[in-house]
Amino acid sequence: MSIPPERRVALAVTVLGGLAFVALALLLVPWHPVPGGTPAPADAGSVFTPAEIERGEDYARWARVWSWSSVAVSLLVACVLGFTRWGRWLDARLPGWWWLRVVLAVAVLALVGRVVTLPFAVLLRRHALDHGLSHQAWSAFAVDLVKGELVAIVATSIVVVVLVGCARRWERAWPAVAGGLLGVLVLTGSFVYPVLIEPLFNSFTSLKDGPLRTEVLALAEREHVPVDDVLVADASRRTTTLNAYVSGFGSTRRVVLYDNLVEDVPSDQALSVVAHELAHARHDDVLTGSLLGAAGAVFGVGLLGLLVGAAGGRRRPAMRDPAVVPLVLALVALGTLLASPVENGISRRIETRADVDALEVTHDPAAFIGVQRQLALHALSDPTPPAWSQWWFGSHPTTLTRIAIARQLGDQPSPGSPRPAPG
């Protein structure tokens, strides 16, 4: 039996996207980033006191419960709406042109998902407040939640309008056209996000002239990363977590420091974090992630074409029908969850290379170890998360792995790390 033309196109797009992803991953991802190989994680007792370990494990245990419960409920609701008649029933009551129905469907489904997972978000925030990880007022938290939801609705609406619009215009070739357009959108989003989205959640001011600013700019020069400015974000209003990042491209590139990183840790430790972020910029890791994301988008559109198709069927709407939105979002939710181990496995290797580069450029493993310890304490990270959880959801190496790398590259124990309290 011959394969319908539309499915042949979808199959070709799937194969092309998959091959492009594999080729880019082989060429751009540092699969062996640690000279001599990645060592076994450091012993938790050599880095943290028993009380610190217990506090981190206690916080992480319930944080995982609320987070995983939210994911499970969200996925369940998406599947119920996407794979049963309830989603089509909901879409049938939406008015307007096809594109307006798509946008309204995305908004309604996003709000339904937010409502059913809101109790977990509240519990998780209450948990963070109880452990001193945030001092943000509930009103400000609600505003940030609304902003995040609106950004997600707008971004998702653009994607789904492109998919449905292409299926309506090119019944057979839509997977190829939509795959190409979404790949371009992924790349564009990498450039647009720092300019349009970051200012919605933080205010930025230039770091005042002084030793830290001078050292950050000198470090950027040593790493051959052009930097336009060094900014401080008012992140402490939301979280106690320490962080920094490099934002923008070319002449617009900025080093952004969380205000609590500037104020709460010694400058040598802050510079270790900055060196890590500058390494990402030097290796164009954002571009690497964007290219992999674009290839993944092409692959995903091809799979969508194979699973849904423009013609639809008796039990499913056609891709050109706005009623397909719940099904598309359910498939995207499932695909995102299933792709997480691949995405996070790649991320961990890229983050490890940035750690290695930071250690090599600063020649200060003690500062690196010190700031990794502070990062873990400020975020109440679990020193030894479940192996399957780290494999599936961990986007960074664990704190103990990062410290083991620093010890190996520094060929020394961790000076300044506290010893366990007696008894």
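> What's the story with the overall build of the protein in this structure? I'm lost.
Within the protein, the secondary structure is distributed over 15 helices and four strands. Computed over C-alpha atoms, the radius of gyration of the protein comes to 23 Å, within 12% of the 22 Å expected from 2.2 N^0.38 for 423 residues, which places it in the range of a compact globule. Across its three principal axes, the protein shows a C-alpha extent of roughly 70 × 45 × 40 Å. Counting the 423 residues in the protein, one finds 47% classified as buried. Considering only residue pairs separated by 6 or more positions, the protein has 79% of its internal contacts joining residues 24 or more positions apart. In the structure as shown, the protein presents an accessible area of about 20,700 Å², 65% of it carried by carbon and sulfur atoms. With 35 positive and 35 negative side-chain charges, the protein shows a separation of 14 Å between the mean positions of the two kinds.

> Explain the nonpolar core to me, please; I cannot follow it from the model alone.
Proteins that are soluble and globular tend to have nonpolar side chains buried together. Counting residues in hydrophobic clusters, the biggest one holds 32 residues, and the most contacted among them are Val 216, Leu 219, Val 255, Leu 257, Leu 261, Val 274 and Leu 278. The set of elements that each furnish at least two residues to this core consists of helix H8 (211–222), strand S2 (229–233), strand S3 (244–247), strand S4 (254–258), helix H10 (267–282), helix H12 (325–362) and helix H13 (365–379). If we skip the residues at most four places from it in the chain, Leu 278 touches Val 216, Leu 219, Ala 220, Glu 223, Val 225, Val 227, Val 246 and Val 255. Judged by nonpolar contacts, the second largest core, of 29 residues, contains Ala 107, Leu 109, Val 301 and Leu 327.

> Which parts of the structure should I look at to understand unusual backbone geometry?
Negative phi characterises most residues that are not glycine, and trans characterises most peptide bonds. Residues other than glycine seldom take positive phi values, yet His 224 does so here, at roughly 60°. Here His 224 is to be found in the loop between H8 and S2. The backbone of Asp 284 sits at a positive phi, close to 55°, despite the residue not being glycine. On the accessibility criterion, Asp 284 (37% relative accessible area) is partly exposed.

> Just to check I follow, could you spell out the pairing of S2 for this structure?
A regular strand places its side chains so that they alternate between the two faces of the sheet. Across the five residues of S2, five count as buried, placing the element largely inside the fold. Side-chain alternation along S2 places Asp 229, Leu 231 and Ala 233 on one buried face and Val 230 and Val 232 on a second face that is also buried. As paired strands, strand S1 (residues 204–206) and S2 are joined by three bridges and run antiparallel to one another. Directly across from Phe 204, in S2, lies its bridge partner Ala 233. Here S2 runs beside S4; their pairing, made up of five bridges, is parallel. Each residue of the ladder has a partner; that of Val 230, found in S4, is Val 255.

> Got a minute to help me understand the layout of surface pockets in this structure?
The method is simple in principle: a probe with the dimensions of a water molecule rolls over the atoms, and the space it marks as empty is what remains. Considering only enclosed or pocket space, the second largest pocket measures out at about 340 Å³ in volume. Along its surface, the second largest pocket is lined by 14 residues, and Thr 38, Arg 348, Arg 349, Thr 352 and Thr 401 are the ones closest to its centre. Elements that contribute at least two residues to the lining of the second largest pocket include exactly H12 and helix H15 (399–410). Residue composition of the lining of the second largest pocket, by class: five nonpolar, seven polar and two charged.

> Can you walk me through empty space enclosed by the protein in this structure?
Applying the stated rule across the entire model yields two cavities of 30 Å³ or more. One number sums up the size of the largest cavity: a volume of about 40 Å³. Phe 48, Glu 52, Ile 53, Ala 376, Leu 377, Leu 380, Ser 381 and Pro 383 together form the lining of the largest cavity. Listed by contribution, the elements that provide at least two residues to the lining of the largest cavity are helix H2 (50–83) and H13. Tallied by class, residues from the lining of the largest cavity come to six nonpolar, one polar and one charged. In this structure, the second largest cavity encloses a volume near 30 Å³. Lining the second largest cavity are Leu 81, Gly 82, Thr 84, Gly 87, Arg 88, Pro 317, Ala 323, Val 324, Pro 326 and Leu 327. Only H2, helix H3 (85–92) and H12 provide two or more residues apiece to the lining of the second largest cavity. When its residues are assigned to classes, the lining of the second largest cavity shows six nonpolar, three polar and one charged.

Thresholds, definitions, all that
- Residues numbered from 1 in each chain as written.
- Predicted model: local features only at pLDDT ≥ 70, side-chain atom pairs only at ≥ 80, totals over all residues.
- Heavy atoms only, no water.
- Helix = DSSP H or I, 4+ residues; strand = E, 2+ residues; numbered from the N terminus.
- Rg over C-alpha atoms; globule rule 2.2 N^0.38 Å.
- Buried < 20%, exposed > 50% of the residue type's maximum accessible area, 1.4 Å probe, protein only.
- Contact = heavy atoms within 4.5 Å.
- Areas by Shrake-Rupley, 256 points an atom, 1.4 Å probe, with all protein chains shown as cover.
- Lys, Arg positive; Asp, Glu negative; His and termini not counted.
- Charge placed at Lys NZ, Arg CZ, Asp CG, Glu CD.
- Core = buried A, V, L, I, M, F, W, Y, C linked by side-chain atoms within 4.5 Å.
- Pairing = 2+ DSSP bridges.
- 1 Å grid on protein atoms, 1.4 Å probe; cavity = no way out; pocket = protein on both sides within 12 Å on 5 of 7 lines; lining within 4 Å.
- Points joined across faces, edges and corners; volume = space filled by probe spheres on them.
- Nonpolar A, V, L, I, M, F, W, Y, C, P; charged D, E, K, R; others polar.

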